[in-house]
Amino acid sequence: NKIAAGLAASLLLVSAAQSQETVTSTATATVQNAFTFEEVSALDFGTFRATNDGTDTATLVIPADTATSPSTPTNGDAVIQQLIEGTPGEYSISGVAEFGTLTVTLPTTATLAPVGNPAGVASFTASPFTAYKTSGTPAAFTNSLQVDGTGAATFNLGATLTTVAGTDSYQDGPYEGEYTITVNY
């Protein structure tokens, strides 16, 4: 009995010492705060006839939602009459965590001046700007945009173009003005 007990005890000690293993691992992480924000096409007010007035202004509205037609509300003697319809700007976002929410800051105003900025020629003001999500569940938004399950979203940008009240006239040719959209993750 004493021999059997001693043999059993020594077997337990041997098997306990032989069953322990150790592994050292390295934890990893990758940070990706960057995402892709691209202009597919810029906001285009189209081609139109424009005359200003000393006191009145005329407007051309390019809606962000393409289901709504552009409009030219009249106001006194200033006039904008469309010849070729404009289109909203189109933008795409990708590389965001799925269903992530982004903060979008739309431009507040932009001035469109004739290319070359000749003296004595009137300019236009673009304001306010509007945005419309075209991917996922389409909807208008002002400052918050959620991406889809692939981390992507697309949206349109529209704006109201207004003549400037004054004595300078509008000349034939292209007018340009820069605007900035900021997207934060």
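Scope of this entry: the structure provided in the associated data block. (Residues numbered from 1 in each chain as written. Predicted model: local features only at pLDDT ≥ 70, side-chain atom pairs only at ≥ 80, totals over all residues. Heavy atoms only, no water.)

### Examining the sheet that holds strand E6 (residues 101–105)
Moving on, step 1. Within the open sheet, the three strands sit side by side as E10-E6-E13. Their pairing is antiparallel. Whereas interior strands pair on both sides, the edge strands pair on one side only; in this sheet they are strand E10 (144–146) and strand E13 (182–184). Pairs of neighbouring strands in the sheet enclose a mean axial angle of 30 degrees, with direction left out of account.
Moving on, step 2. Here E6 runs beside E13; their pairing, made up of three bridges, is antiparallel. Across the sheet, residue Val104 finds its bridge partner in E13, namely Val183. (Pairing = 2+ DSSP bridges. Helix = DSSP H or I, 4+ residues; strand = E, 2+ residues; numbered from the N terminus. Axes fitted to C-alpha atoms, helices over the stretch in contact; angles between N-to-C directions.)

### Quick look at the nonpolar core
Moving on, step 1. If you look at the biggest cluster of nonpolar residues, it comprises 35 residues, and the most contacted ones within it are Phe45, Phe48, Phe124, Phe129, Phe155 and Leu161.
Moving on, step 2. Looking at this core, the elements that each hand over two or more residues are strand E2 (47–51), strand E3 (59–62), strand E5 (89–94), E6, strand E7 (110–114), strand E8 (124–133) and strand E11 (153–163).
Moving on, step 3. With five residues, the single largest contributor to this core is E11.
Moving on, step 4. Non-local contacts of Leu161, meaning those with residues more than four positions away in its chain, are made with Phe45, Phe48, Ala58, Thr59, Leu60, Ile80, Leu112, Phe124, Thr125 and Ala126. (Core = buried A, V, L, I, M, F, W, Y, C linked by side-chain atoms within 4.5 Å. Buried < 20%, exposed > 50% of the residue type's maximum accessible area, 1.4 Å probe, protein only. Contact = heavy atoms within 4.5 Å.)

### Looking at the side chain of Asp53
Moving on, step 1. Turning to its location among the elements, Asp53 is positioned in the loop between E2 and E3.
Moving on, step 2. Although Asp53 lies buried, it forms no salt bridge, and the closest oppositely charged side chain, Arg49, sits 11 Å away as judged by the N-O distance.
Moving on, step 3. At a separation of 3.0 Å, a polar atom in the side chain of Asp53 contacts the main-chain amide nitrogen of Asp56. (Lys, Arg positive; Asp, Glu negative; His and termini not counted. Salt bridge = Lys/Arg side-chain N within 4 Å of Asp/Glu carboxyl O. Polar contact = N/O pair within 3.5 Å; in protein donor to acceptor, adjacent residues only side chain to side chain.)

### Some points on the packing of aromatic side chains
A ring pair, where both rings are aromatic, is described by two values, the distance of the centres and the angle of the planes.
Moving on, step 1. Within the structure shown, the criterion is met by 10 aromatic pairs.
Moving on, step 2. Pairing Phe37 with Phe155 gives two aromatic rings, centres 6.1 Å apart and planes at 20 degrees, and the pair type is stacked. You can see Phe37 sitting in strand E1 (residues 36–41) and its partner Phe155 sitting in strand E11, a full 118 residues away along the chain.
Moving on, step 3. Summarising the aromatic geometry, the rings of Phe48 and Phe124 are spaced 5.5 Å apart at their centres and angled 80 degrees between planes, so their arrangement reads as edge-to-face. (Phe/Tyr/Trp six-rings, centres within 6.5 Å; stacked < 30°, edge-to-face > 60°.)

### Things to note about the environment of Thr36
Moving on, step 1. With respect to the helices and strands, the residue Thr36 is situated in strand E1.
Moving on, step 2. You can call Thr36 partly exposed: its relative accessible area is 34%.
Moving on, step 3. On a C-alpha basis, the gap between Thr36 and Ala110 in space is 24 Å, while along the polypeptide they are 74 residues apart.
Moving on, step 4. Not counting residues up to four positions away in its chain, the partners in contact with Thr36 are Ser92, Ile93 and Ser94.

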